[in-house]
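Examination of the molecular architecture
Letter by letter, the chains look like this.
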Amino acid sequence: MTDPTRRPQADQDRADAKSDAEIESSGGPLTPEEEEEVEEHAKLRPLAIYEVVRQEGVEELGRPWQGLWWSGLAAGLSIGISITTEGTLHALLPEAPWRPLVESLGYTVGFLIVILARQQLFTEITLTAVLPVLAHPTRKSLGALARNWSVVLVANLAGTAIFAGVLATEGFLPGFVSKGAQAISEHMIEVTPWQAFLRAVLSGWMMALLVWMLPLAEAARFWAIVLITYLIALFELSHVVAGSVEIFLLVFEGRIGLLHGAATYLLPFLAGNVIGGSALFALLAHVQVWQEMPDREARAHPASRRRPTSYSDKPADG
């Protein structure tokens, strides 16, 4: 007959053995679930980042123009908050060598709103909307790109013009806010058109870099946006949408003429941003992954079947 007093000891021995087995197994090979977690947290290859950004571009090129317009208008209005916040800090901070270090933080606010709210900003689509065209350069894709760029740019400028009109309206906002924004704007037009163009090229490059970084940023998206846009402000670079708020404000205040502001500043801003974001960054991003793209082999062997990779490749209904 088994001694009942030995049962608790036997149960304890079995529990200890089970615990030891769990400890040993924890140091063994990865389980399938753990391997999946590793893959999710692994660094994306350049081709994977390219594909994420390109797919966003495909979606943007396929959107109806009405959606692009209203989203672009909202983005123009939101970007006005950047100039307003930067101008407010400029007005409230004492004049000191360190003031630009602090007031430049205000410039990031509008960009945070636009990007996190997924509103259409022209300097973002200079990269995202271009990648699908580079991958499949057809007349249809070029037409879609031209439509996308023109609608979003005009909508952005309409939004910034409305916001600048609000800033210029006496009594709508506290006087120090309007005066600070005007001071920031007057400092912007001290540069020559050639300097504005060169600064816009670097600004366009940095905005495209931000778009490229976002798929990897995940929870750090907020800080990635702050970092890049803060540096754009600190380096006094030219951004066509944010800069248009300053131009329209000076026009409404009677400091410059509309044609002078457009020809001397707005057009160099636009040309520089497009070259920096599209001609340089987008082309380099495409070239660095071109050899790895699966479509390259499909193009070399047209008889092989491949999945649709752009809005123009989708099969027709029916």
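I will try to describe carefully the structure that is included in this document.

Cut-off values and rules
Residues numbered from 1 in each chain as written. Predicted model: local features only at pLDDT ≥ 70, side-chain atom pairs only at ≥ 80, totals over all residues. Heavy atoms only, no water. Core = buried A, V, L, I, M, F, W, Y, C linked by side-chain atoms within 4.5 Å. Buried < 20%, exposed > 50% of the residue type's maximum accessible area, 1.4 Å probe, protein only. Helix = DSSP H or I, 4+ residues; strand = E, 2+ residues; numbered from the N terminus. Contact = heavy atoms within 4.5 Å. Polar contact = N/O pair within 3.5 Å; in protein donor to acceptor, adjacent residues only side chain to side chain. Patch = residues over 30% accessible without salt bridge, like charges linked within 9 Å, V, L, I, M, F, W, Y side chains within 5 Å. Areas by Shrake-Rupley, 256 points an atom, 1.4 Å probe, with all protein chains shown as cover. Salt bridge = Lys/Arg side-chain N within 4 Å of Asp/Glu carboxyl O. Phe/Tyr/Trp six-rings, centres within 6.5 Å; stacked < 30°, edge-to-face > 60°. Expected span 1.5 Å × (residues − 1).

1. What to know about the nonpolar core
Formed by 72 residues in total, the largest nonpolar core has its most connected members in Ile 79, Phe 111, Phe 122, Leu 127, Leu 210, Trp 212 and Ile 247. Examining the composition of this core, we find that ten residues originate from one element, helix H8 (residues 139-168), more than from any other. Ignoring sequence-local partners within four residues, the contact set of Ile 247 consists of Met 188, Ile 256, Gly 261, Tyr 265, Leu 266 and Phe 269.

2. Considerations on the side chain of Thr 128
Secondary-structure assignment places Thr 128 in helix H6 (residues 122-128). There is a polar contact of 2.8 Å between the side chain of Thr 128 and the side chain of Glu 60. Filtering out sequence-adjacent residues up to four positions away, Thr 128 remains in contact with Val 53, Glu 56, Gly 57, Glu 60 and Val 211.

3. Some words on a nonpolar patch on the surface
A cluster of nonpolar side chains, contributed by Trp 98, Leu 101, Val 102 and Leu 105, occupies part of the molecular surface with about 350 Å² of accessible area. Along the chain, the position of Val 102 falls in helix H5 (residues 99-116).

4. A few points about the packing of aromatic side chains
Scanning the model with the defined rule gives six aromatic pairs in all. On the basis of an interplanar angle of 65° and a centroid distance of 5.8 Å, the ring pair of Phe 122 and Trp 149 is categorised as edge-to-face. Here the residue Phe 122 occupies a position in helix H6, and Trp 149 occupies one in helix H8, the gap between them amounting to 27 residues. Note on Phe 222 and Trp 223: the rings are 4.9 Å apart at their centroids and 80° apart in plane angle, and the pair reads as edge-to-face. Counting every residue linked through ring pairs, the aromatic cluster contains Trp 205, Trp 212 and Phe 281.

5. Focus: the pattern of salt bridges
Summed over all chains, the structure comprises four salt bridges. Notably, a salt bridge pairs Arg 99 with Glu 103, separated by 3.9 Å at the nearest N-O pair. Of the two residues, Arg 99 and Glu 103 are both situated in helix H5; the distance of four residues between them amounts to about one turn of the helix. When its relative accessible area of 15% is taken as the criterion, Arg 99 is described as buried.

6. Concerning helix H3 (residues 46-61)
Spanning 16 residues, H3 covers 22 Å between terminal C-alpha atoms, matching the ideal 22 Å at 1.5 Å per step. Three or more residues of H3 are buried, namely Leu 47, Ile 49, Tyr 50, Val 53, Arg 54, Gly 57, Val 58, Glu 60 and Leu 61. Buried residues in H3 make contact with helix H4 (65-92), H6, helix H7 (130-135), H8, helix H10 (193-217) and helix H13 (258-290).

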